Protein chains: 4
Amino acid sequence: MRARDLGINIGTLPTGPDNAITDVSGCRVGHTTLIEGSGPLVVGNGPVRTGVTVVLPHEGHVWTEPVFGGHHCLNGNGEATGLLWLRESGFLTSPIALTNTGSVGAVRDALVRLEVEHGTPRDSLNSLPVVAETDDGFLNDVYGLHIRPEHVERALRTAAGGPVGEGNVGAGTGTICHGFKAGIGTSSRHVALAGGVAVTVGVLVQANYGRRARLCVDGVPVGRYVSEDEIPGPSHTEPAARSGGSIIGVVATDAPLLPHQCDRLAQRAGLGVARAGGVAADASGDVFVAFATGNRHLRVSQGDHLFRAEMLPNRFLTSLFEAVVDATEEAIVNSLLAASTMTGRDGNTAYALDPARLHEVMAAHRPRVSK
Amino acid sequence: MRARDLGINIGTLPTGPDNAITDVSGCRVGHTTLIEGSGPLVVGNGPVRTGVTVVLPHEGHVWTEPVFGGHHCLNGNGEATGLLWLRESGFLTSPIALTNTGSVGAVRDALVRLEVEHGTPRDSLNSLPVVAETDDGFLNDVYGLHIRPEHVERALRTAAGGPVGEGNVGAGTGTICHGFKAGIGTSSRHVALAGGVAVTVGVLVQANYGRRARLCVDGVPVGRYVSEDEIPGPSHTEPAARSGGSIIGVVATDAPLLPHQCDRLAQRAGLGVARAGGVAADASGDVFVAFATGNRHLRVSQGDHLFRAEMLPNRFLTSLFEAVVDATEEAIVNSLLAASTMTGRDGNTAYALDPARLHEVMAAHRPRVSK
Amino acid sequence: MRARDLGINIGTLPTGPDNAITDVSGCRVGHTTLIEGSGPLVVGNGPVRTGVTVVLPHEGHVWTEPVFGGHHCLNGNGEATGLLWLRESGFLTSPIALTNTGSVGAVRDALVRLEVEHGTPRDSLNSLPVVAETDDGFLNDVYGLHIRPEHVERALRTAAGGPVGEGNVGAGTGTICHGFKAGIGTSSRHVALAGGVAVTVGVLVQANYGRRARLCVDGVPVGRYVSEDEIPGPSHTEPAARSGGSIIGVVATDAPLLPHQCDRLAQRAGLGVARAGGVAADASGDVFVAFATGNRHLRVSQGDHLFRAEMLPNRFLTSLFEAVVDATEEAIVNSLLAASTMTGRDGNTAYALDPARLHEVMAAHRPRVSK
Amino acid sequence: MRARDLGINIGTLPTGPDNAITDVSGCRVGHTTLIEGSGPLVVGNGPVRTGVTVVLPHEGHVWTEPVFGGHHCLNGNGEATGLLWLRESGFLTSPIALTNTGSVGAVRDALVRLEVEHGTPRDSLNSLPVVAETDDGFLNDVYGLHIRPEHVERALRTAAGGPVGEGNVGAGTGTICHGFKAGIGTSSRHVALAGGVAVTVGVLVQANYGRRARLCVDGVPVGRYVSEDEIPGPSHTEPAARSGGSIIGVVATDAPLLPHQCDRLAQRAGLGVARAGGVAADASGDVFVAFATGNRHLRVSQGDHLFRAEMLPNRFLTSLFEAVVDATEEAIVNSLLAASTMTGRDGNTAYALDPARLHEVMAAHRPRVSK
């Protein structure tokens, strides 16, 4: 079940064929999902409700063929490695990995190790992968260090184009958004520019932020109608649950953007979060990474003295910004609709947003006068 | 006519008594409005549809008694002086002035001169005022240098608390937002924190951004219903009109925030813009300045070796963030509702959003089932 | 008299033919110098010891043919307009103008007006010029608004390649560095990269920062030897003189750098300031702007859908960084050596560093054992 | 052997009693040093020449009693976790840990786990520690994941005030600076402010950057005299050795600084690197973290509604900036003098700078005329 299955179409731009980040040609996504045990939390033993999601910018080896990239931090109560290098170099030189708060280091070191084992020449090693996280500790033994190198390796090995798993998978296995069970969500937009040029923009989110009362779906204040009295949120179970959470967004495009233009795209993802009801709460780590595959072959050999790159003129970016805002909002809705109710550590339960109930609320707000 | 007069209440937090930035105790606003001439544009002669708006953080002299402040740039296609100093020092040491693109320098130098003439001791002179702008050139002779020092002086002299003029006044005289005549708008929120502590957050905008199709009012896609076929937008008159525009937001609070916390508030204003339909277009200069008056007496004399300051713990900021998001969105709606249709240079006309028509659209979207 | 005339060669890279920023092909510099009156300060009447310096990146119209650029702020107690736009767009779209603190606005508005009068199409107008300043108020009537549009126009009209005026000229007319009369200084480096590729890096400074005791020339602590007891500094005349001051640096290169690489070059200018003895004092506005002319024709027409750009691989940048550090340090020394003693407002006198005395100090530190 | 033992006194400010970062009252440093094996590199088996160094801001638990902090990135070719949170919150909430590139994740997750095991209440858990790195791969099996949680725990447990181990210890075990064996170095300054107030500034570096030819010691171009012909550098052994390296600097002060003031201190550490000959090469990760212990008790309980903080007025910061610049430069020299020649993986040898030879070069440059 996705937003469009309920007639919820965010914005007016058309989606790509799979309405997923993988609509950006060559872009691949892989998940490793870990669900084990139940009952009381014993740190190190579980219960486990977590995973790893990786996004690969193209079909080749990003370690030896980087793409331009950038990022934006809307609220920094979270971890994301590799950002200093991304900003300084302008290059994304690693898969982007998403996981839980307690496993950022394990995933990071695993990616470095895989880069070395891949046979990357030592003078091309970057060792500075992008790994971001949200805190799935309401359901998961977040400090139990359950993510091991093989889980990262498996997510990479199984990464593929085409439709992307959403909801309780990978790094979204244990996440909660606006008080509903959420997880991974994705969406894409097709943008026709002047002169027959067209580009694709895709967004993938790990949604784990926000409080119920502010949830909006395509402008409808769903969170006010489907309150925590009707469907409990985590704060009903555990008063001390942090109201903040986090959201990580990955923005991909096949447009030929330079690094500073990628930064600009990344900042727009936050505007999509705002439309869904986020305020980038104090306890939230809201970080967005963007990459552009329109320039390739940027490090083919040491012998090259110059790279040749194309650049989309800035005046075309407004359409891409709209695409990012809309696709981010829809990816969040998709993360909610794909997720199913889950019980995790200490019997904590995160309830899914019932699609039928959402449909009912949306229908009640449909205009009586069409124009 | 303001949003609440139409039953449009953004969010659930209560407003301050005047629903204006001046609800922050001591905060004052002054406008100088310049409307002269009509007919074809002759640079330097008019027609003139512009002005200056100043925001003073408290009832004293900000030149000698600064407050903590910060800023955020959502999109930098605009000018705002004084930001390097604001970031470095953490202090707002000048009135904040808003004007048109072509007059930033004149207003800036006028403020410096007024600071000198005020008798500020030379070793306390900052000479680095905050002056921001949007481009009102669809209606105004924006490069005609019509703002003179006496206009700045008048805005300062007449600045007052209480209700704030909105719409076609001051720096909003000639601005356009989502294809409708707009201008200055303001709103405020009252935030009750734990332990009986309450703070006020106010926002004032100079709204001049966005395209029609994306305008949302409290989640309702008004811009799709009241299209440019029904009420023309500037791009109907002048195809080359920049689709971008700009928005400047001033965020005020009486909470005791430190400078880095003011930066955080400033970034949230952009989330309010997003909810109203903005995407921070390429051609837009979207800059937000925030100040906090909860700490005063920060530079009483050279003899002091330490300042004593209070700091609101970060965990309380989420409520303030919600207040900024909501008040920014409402300030934009207020800027639209207060504005009236205006004809300016070359007969260009910016049409106001008819409140009755807005009411009709909003009513059509009101839910048929209340819960 | 320049540093190399005294045998002072900073670093080991060769200079360009004129050892000036104009060694970057096409780069032009123009000065307007204003020296009028003497005696007590009467704000608005003088005495006047100030000016304007403009740097044009190439022989064409930068308004319609921008170049990639970036900036870095080492300390933000100063004003520099146009930086939001430079960061957001990646383009330098105006001449860079330097002047005094009180005239930033006048110079800014004059540049906007000249851009309009140049006939720039309205949809290409940027109106966001880069104007930076330092405070020459020890000698000059800094708040007297003595810079008028014709002074800006004259600096632009007379801008030329070849040797660049240094010392008491243009925006350096009234500036003071490490307690000595200083002004404008410049230097350049020729950098041979792998594969026969060579690039030029040039730096121009408006030097107005630092205290005597920390001045170093090529590592020699000259400020400790030529103390304020021997040659008075401004603090001897006027105890309240701000110990900070400012330095503005303009970094130019003909290398094909992208905007984020220009930011990196700009930050290295501060390292050159550090080597000369600067600490970026609290009261200092230390801002560096960098541009790269290796990519041209970046906005030839609205019809272009893509720009084609070249990019110097990051691994070559280290040599350019060394060039920036060394050229900045040498430009500062040149600004000191070219300046002559000047008396300004209220009889305040800024004394030049006597080249013979400098030579004597440097000679005393020359190693007795060559290796 | 330290710089002052050779009569090398950087700047004129007095040092603290131990001339170490631990002169900031309560500040503690701990090292775990790992030296095992020899011969050819087998990833995962060694040889091992690495370690962990931790800096604790005070004698209490920083996890539950944070201090204000900030950072600056001079060049981002490196990893440092925790910086998003440090910037956003203004708080340093963890020990600062330094290690090698390949072990950042392991150290990071270990610190998170220790914070949990410490019994930190879940709603106070930050889980976002500051861990930075340099690449010791010339000597060490940097991707062998040799740092384990017990090494982090041991560094924390043994952290102490008083004299600090320098050279080949902790995170400096395998590092190289300006082509000489280097490691950890530290220095401090005592700064007397107006009115009898005095503060201490301390710096600790993990020095692993720079090329020989640019090394300067107190202004003397030592690297030109003690060339790689005389004492080989790593590029003689291994042509592909990255010329960049990295430097991490930790700046501590007992002054009551706010977070944005800590950022300012951090940027000045880079100026000290510049004076020692660094240019922040492309391949370098030059990151500086600063904290200020002048405000304590910033999170004593959930019941507090306001923190009370003191703030050193900005005008006093210039003296602290001088202290940071000088202490950083001296810490680098100390890291060189304390290090001894080391042979590591594949027989690679990093040679120490012979103190007698340094003394000889310095003496040759001492002025013949004292004034």
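First things first, this report covers the structure right here in the doc. Keep in mind the model is a prediction, meaning the values are calculated, not measured.

A word on the interface of chain A and chain B
Bring the parts together and some accessible area is lost; that lost area is often taken as the interface size.
Alright, step 1. At the interface, 44 residues of chain A touch 45 residues of chain B.
Alright, step 2. Summed over both sides, the interface of chain A with chain B buries roughly 3800 Å², with 44% coming from carbon and sulfur.
Alright, step 3. Summed over the shared surface of chain A and chain B, the result is 8 salt bridges.
Alright, step 4. A salt bridge links Arg214 of chain A to Asp326 of chain B; the nearest nitrogen and oxygen atoms lie 2.7 Å apart.
Alright, step 5. Put simply, chain A and chain B have 22 residue pairs in polar contact (both at pLDDT 80 or more) between them.

Quick notes on the sheet that holds strand E3 (residues 67-76) of chain C
All names here are of chain C.
Alright, step 1. Taking strand neighbours across the sheet as the criterion, the 6 strands line up as E5-E3-E13-E12-E11-E10 in an open arrangement whose pairing is mixed. Each end of this open sheet is capped by a strand with a single partner; those strands are strand E5 (91-92) and strand E10 (184-192).
Alright, step 2. Where strand E11 (residues 198-209) and strand E12 (residues 245-253) come together, 9 bridges link them in antiparallel fashion. Opposite Gly202, over in E12, you have Ala252 as the bridge partner.
Alright, step 3. The sheet strands contacting helix H6 (residues 259-276) are E3, E11, E12 and strand E13 (285-292), and the helix crosses E3 at an angle near 40°.

Notes on the relation of the copies chain A and chain B
Alright, step 1. Mapping chain A onto chain B calls for a rotation angle of 180° and an axial translation of 0.0 Å; the resulting RMSD is 0.0 Å. Viewed as a symmetry operation, the transformation between the two copies matches a two-fold axis. Scanning chain A for the C-alpha nearest the rotation axis identifies Gly219 of chain A, at a separation of 1.8 Å.
Alright, step 2. Of the residues that chain A buries at the interface, 100% are likewise interface residues in chain B, meaning the two copies contact each other through the same surface.

A closer look at the interface of chain C and chain D
Alright, step 1. Contacts between the two partners involve 45 residues from chain C, matched on the other side by 45 residues from chain D.
Alright, step 2. Both faces combined, the contact of chain C with chain D buries some 3800 Å², and carbon together with sulfur accounts for 44% of it.
Alright, step 3. Our enumeration of links across chain C and chain D arrives at 8 salt bridges.
Alright, step 4. Residue Glu322 of chain C pairs with Arg211 of chain D through a salt bridge whose shortest N-O separation is 2.6 Å.
Alright, step 5. Here chain C and chain D share 22 residue pairs in polar contact (both at pLDDT 80 or more) between them.

Focus on the packing of aromatic side chains
Alright, step 1. Under the defined criterion, the tally for this structure stands at 8 aromatic pairs over all chains.
Alright, step 2. Between Phe91 of chain A and Phe307 of chain A, the ring centres sit 6.3 Å apart and the planes meet at 90°, which makes this aromatic pair edge-to-face. Within this pair, whereas Phe91 of chain A is found in strand E4 (residues 91-92), its partner Phe307 of chain A is found in strand E13 (residues 307-311), the two being separated by 216 residues in sequence.
Alright, step 3. Using a relative accessible area of 4% as the deciding quantity, one classes Phe91 of chain A as buried.
Alright, step 4. Look at Phe307 of chain A and you get buried, because its relative accessible area is 4%.
Alright, step 5. Geometrically, the ring pair formed by Phe68 of chain C and Phe91 of chain C is stacked, given 5.3 Å between the ring centres and 10° between the ring planes. With Phe68 of chain C in strand E3 and Phe91 of chain C in strand E5, this residue pair connects regions lying 23 residues apart in the sequence.
Alright, step 6. Look at Phe68 of chain C and you get buried, because its relative accessible area is 0%.
Alright, step 7. Site record: aromatic cluster; members linked through ring pairs are Phe68, Phe91 and Phe307 of chain A.
Alright, step 8. One Lys or Arg, Arg315 of chain C, reaches over the ring of Phe316 of chain C and ends 5.0 Å from the middle of that ring.
Alright, step 9. One cation-aromatic arrangement involves Arg212 of chain D over Phe180 of chain D; the distance from NZ or CZ to the ring centre is 3.6 Å.

Conventions used here
Residues numbered from 1 in each chain as written. Chains lettered and ligands numbered in written order. Predicted model: local features only at pLDDT ≥ 70, side-chain atom pairs only at ≥ 80, totals over all residues. Heavy atoms only, no water. Contact = heavy atoms within 4.5 Å. Buried area = accessible area lost by both parts, 1.4 Å probe. Salt bridge = Lys/Arg side-chain N within 4 Å of Asp/Glu carboxyl O. Polar contact = N/O pair within 3.5 Å; in protein donor to acceptor, adjacent residues only side chain to side chain. Pairing = 2+ DSSP bridges. Helix = DSSP H or I, 4+ residues; strand = E, 2+ residues; numbered from the N terminus. Axes fitted to C-alpha atoms, helices over the stretch in contact; angles between N-to-C directions. Least-squares fit on C-alpha atoms with pLDDT ≥ 70 in both. Phe/Tyr/Trp six-rings, centres within 6.5 Å; stacked < 30°, edge-to-face > 60°. Buried < 20%, exposed > 50% of the residue type's maximum accessible area, 1.4 Å probe, protein only. Lys NZ or Arg CZ within 6 Å of the ring centre and 35° of its normal.

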